[in-house]
Amino acid sequence: MLINNKSIAIIGGGPAGLTLARLLQLKNAEVKVYERDFNEHARVQGSPLDMHEDSGLAALRKAGLLEEFKKTFRPGADKTLIMDKQAKILFSDHETKPDEDFGAEHFRPEIDRGPLRKMLLESLQPETVVWDSHFISMESQNEGWLIHFKNGTSSYADLVIAADGARSRIRSYLTEIQPIYSGITMLEGIVSKEYAPNINTLINGGKIMAFGNSQNILMGQKGNGDLGFYASFKADEKWAINSGLDFSDSKAVFQWFKTEYSDWNEIWHELFKNAKTPFIPRPIYAMPLDQSWKTKPNITLMGDAAHVMPPFAGEGANMAMLDALELSEHLTDYHYKTLEEAIFEYEIKMHKRAGKAIKESLENGERMHSDIALSTMLEFFNGHRLS
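Residues numbered from 1 in each chain as written. Predicted model: local features only at pLDDT ≥ 70, side-chain atom pairs only at ≥ 80, totals over all residues. Heavy atoms only, no water.

## Remarks on a positive patch on the surface
Line of reasoning, step 1. Together, Arg36, Lys150, Arg167 and Arg169 make up a region of like positive charge exposed at the surface.
Line of reasoning, step 2. With a relative accessible area of 62%, lysine 150 lands in the exposed category. (Patch = residues over 30% accessible without salt bridge, like charges linked within 9 Å, V, L, I, M, F, W, Y side chains within 5 Å. Areas by Shrake-Rupley, 256 points an atom, 1.4 Å probe, with all protein chains shown as cover. Salt bridge = Lys/Arg side-chain N within 4 Å of Asp/Glu carboxyl O. Lys, Arg positive; Asp, Glu negative; His and termini not counted. Charge placed at Lys NZ, Arg CZ, Asp CG, Glu CD. Buried < 20%, exposed > 50% of the residue type's maximum accessible area, 1.4 Å probe, protein only.)

Have a look at this one:
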């Protein structure tokens, strides 16, 4: 294989990086994952992920982890309510959607990021992940790269694969193309279910999507019962700064919500009044649909580092794990004569499908923040129309 006797460095220990490491190790590749977290317990993982049959689940199946995933995912967590701003339920699949339907095209089982990471870590060879390795810079050495980390260590790799997220420091070694602001900002919060009893009863372990006045509240229940939620709205790119809000001040954020979502039912106040702090503002970005760069034989990108996109199609993590699957196949395909050729073919395919996913995500974002978002989403989900 092209990667025989080659050292491979994956920068970033998220789902994509760990999946790629697993797939490459199944082919006996020499691979290390460099992760900036001090250890696997260093921080709370983010919102749950829904896995899609032809991408995230396909990668897990190829990695030999589907049966383990079935033991770990959260049955029923993909069940959805669509509501208006007055908290009226206009669509529910809680009674009709099966808890398990693996192999079905539209089945999107959910898993918390922590258990997913744990499953992937346990599938790797001992000491594959090098913790406390915050990437700082790298320089050409021989035919590869000498990589420098914040802790003062350095490491050589013949091939560097960037899986270091939307703020990738490695991306600049390949391209100067930067993500573009989508026009939408999300304000993220978490509240314990005990402090939001009415919404906790409604959500019942699943998800809620509420629409009104070109604004959204989007939320899902985590494995520990906490409610992760987002106020999502159109805003200036610098809204977080210009708003003057102290996101560690729960009273100030609650007052902002009551003002900006003034005609929303008071049931939603449970979220903002009792949330843990700080809230996290998240301006939503996307890479250009037609991006490309000149392929190099010793570096490539995957996941958000390659094609960050809005969350409104649920494709980000799935595209990243499909990157891992396709890149592993290209790097271990005997038909390619050089690494540059293998990486070039991977990048061509990745750009094409990621561009489609970005376009879908942007279009969904516009639909979900339009003045007819509610009727549009009802029609999309099950042909329901407002009378």
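The discussion continues.
## Overview of the side chain of histidine 330
Line of reasoning, step 1. Summarising the element assignment, histidine 330 is placed in helix α10 (residues 316-331).
Line of reasoning, step 2. Within the structure, histidine 330 has its side chain in polar contact with the side chain of tyrosine 336 (distance 3.4 Å).
Line of reasoning, step 3. Dropping the residues within four chain positions of it, histidine 330 is found in contact with Tyr336, Ala342, Glu345, Tyr346 and Lys349. (Helix = DSSP H or I, 4+ residues; strand = E, 2+ residues; numbered from the N terminus. Polar contact = N/O pair within 3.5 Å; in protein donor to acceptor, adjacent residues only side chain to side chain. Contact = heavy atoms within 4.5 Å.)

## Some details on the environment of alanine 58
Line of reasoning, step 1. Of note, alanine 58 is situated in helix α2 (residues 56-62).
Line of reasoning, step 2. Sequence separation between alanine 58 and asparagine 318 is 260 residues; the distance between their C-alpha atoms is 9.4 Å.
Line of reasoning, step 3. Residues contacting alanine 58, with those up to four places away along its chain left out, are His52, Glu53 and Leu325.

## Some remarks on unusual backbone geometry
Line of reasoning, step 1. With an omega of 5 degrees, the peptide bond between threonine 277 and proline 278 qualifies as cis.
Line of reasoning, step 2. Within the secondary structure layout, proline 278 lies in the loop between α8 (269-273) and β16 (280-286).
Line of reasoning, step 3. Here asparagine 213, not a glycine, exhibits a phi torsion of approximately 60 degrees, which is positive.
Line of reasoning, step 4. Structurally, asparagine 213 is set in the loop between β13 (207-212) and β14 (215-221).
Line of reasoning, step 5. One non-glycine residue, serine 214, lies in the positive phi region at around 60 degrees.

## Re the packing of helix α1 (residues 15-25) against helix α4 (residues 113-122)
Packed helices, taken two at a time, are described by the angle between their axes plus the distance between the axes.
Line of reasoning, step 1. Relative orientation of the contacting elements α1 and α4 amounts to 25 degrees, with a least axis distance of 9 Å. Judged on the interaxial angle alone, α4 and α1 are roughly parallel. With respect to the hand of their crossing, α1 and α4 are arranged in left-handed fashion. When α1 is examined against α4, the residues Pro15, Leu18 and Thr19 are found in contact with a partner set consisting of Leu116, Arg117, Leu120 and Leu121.
Line of reasoning, step 2. Among the residues forming the contact of α1 with α4, the class breakdown is 5 nonpolar, 1 polar and 1 charged. (Axes fitted to C-alpha atoms, helices over the stretch in contact; angles between N-to-C directions. Parallel < 35°, antiparallel > 145°, perpendicular 65-115°, else oblique. Left-handed = near helix turned anticlockwise from the far one by under 90°. Nonpolar A, V, L, I, M, F, W, Y, C, P; charged D, E, K, R; others polar.)

## As for the packing of α1 against α10
Line of reasoning, step 1. Across the interface, α1 lies against α10 with an axial gap of 8 Å and an inter-helix angle of 30 degrees. As the angle between them shows, α1 and α10 are arranged roughly parallel. Viewed along their axes, α1 and α10 form a crossing whose handedness is right-handed. Residues Pro15, Ala16, Thr19, Leu20, Leu23 and Leu24 of α1 form the contact with α10, whose own contacting residues are Ala320, Met321, Ala324, Leu325, Leu327, Ser328 and Leu331.
Line of reasoning, step 2. Classifying every residue of the contact of α1 with α10 by side-chain character gives 11 nonpolar, 2 polar and no charged.

## A short note on the pattern of salt bridges
Line of reasoning, step 1. Across all of its chains, the model carries 18 salt bridges by this definition.
Line of reasoning, step 2. Between arginine 74 and aspartate 112 there is a salt bridge; the shortest N-O distance is 3.4 Å. With arginine 74 in the loop between α3 (66-72) and β4 (80-84) and aspartate 112 in the loop between β6 (110-111) and α4, this residue pair connects regions lying 38 residues apart in the sequence. This pair shows no difference in class: arginine 74 is buried, exactly as aspartate 112 is.
Line of reasoning, step 3. Via salt bridges that share partners, Glu35, Asp37 and Arg117 belong to a single interconnected network.

## So, the pairing of strand β5 (residues 89-92)
Line of reasoning, step 1. Strand direction decides the pairing type here: β4 and β5, joined by 3 bridges, are antiparallel. Note that in β5 the partner of leucine 81 across the bridge is serine 92. (Pairing = 2+ DSSP bridges.)

## Some words on the packing of aromatic side chains
Line of reasoning, step 1. The final tally for this structure, using the stated rule, is 23 aromatic pairs.
Line of reasoning, step 2. Where phenylalanine 69 meets phenylalanine 102, the ring centres are 6.1 Å apart and the plane angle is 90 degrees; that geometry is what we call edge-to-face. One end of the pair, phenylalanine 69, is in helix α3; the other, phenylalanine 102, is in the loop between β5 and β6, with 33 residues separating them in the sequence.
Line of reasoning, step 3. Aromatic side chains tryptophan 145 and tyrosine 173 sit 5.8 Å apart centroid to centroid with 85 degrees between the ring planes, which places their arrangement in the edge-to-face category. Of this pair, tryptophan 145 sits in strand β9 (residues 144-149) while tyrosine 173 is found in the loop between β11 (159-162) and β12 (180-191), placing the two residues 28 residues apart along the sequence.
Line of reasoning, step 4. The exposure class of tyrosine 173 is partly exposed, given its relative accessible area of 23%.
Line of reasoning, step 5. Among the aromatic side chains, those forming a connected cluster through ring pairs are Phe229, Phe233, Trp239, Phe247, Trp256, Phe257, Tyr261, Trp264, Trp268, Phe272 and Phe279.
Line of reasoning, step 6. Against the face of phenylalanine 102 rests lysine 70, its NZ or CZ located 5.0 Å from the ring centre. (Phe/Tyr/Trp six-rings, centres within 6.5 Å; stacked < 30°, edge-to-face > 60°. Lys NZ or Arg CZ within 6 Å of the ring centre and 35° of its normal.)

## A look at the sheet that holds strand β8 (residues 135-141)
Line of reasoning, step 1. The 3 strands lie next to each other as β8-β9-β10, forming an open sheet whose pairing is antiparallel. Edge positions in the open sheet fall to β8 and β10 (154-157), since each of these has one partner strand only. Sheet twist, expressed as the mean angle between neighbouring strand axes with direction ignored, is 25 degrees.
Line of reasoning, step 2. The pairing of β8 with β9 spans 6 bridges and is classified as antiparallel. Directly across from glutamate 139, in β9, lies its bridge partner leucine 146.

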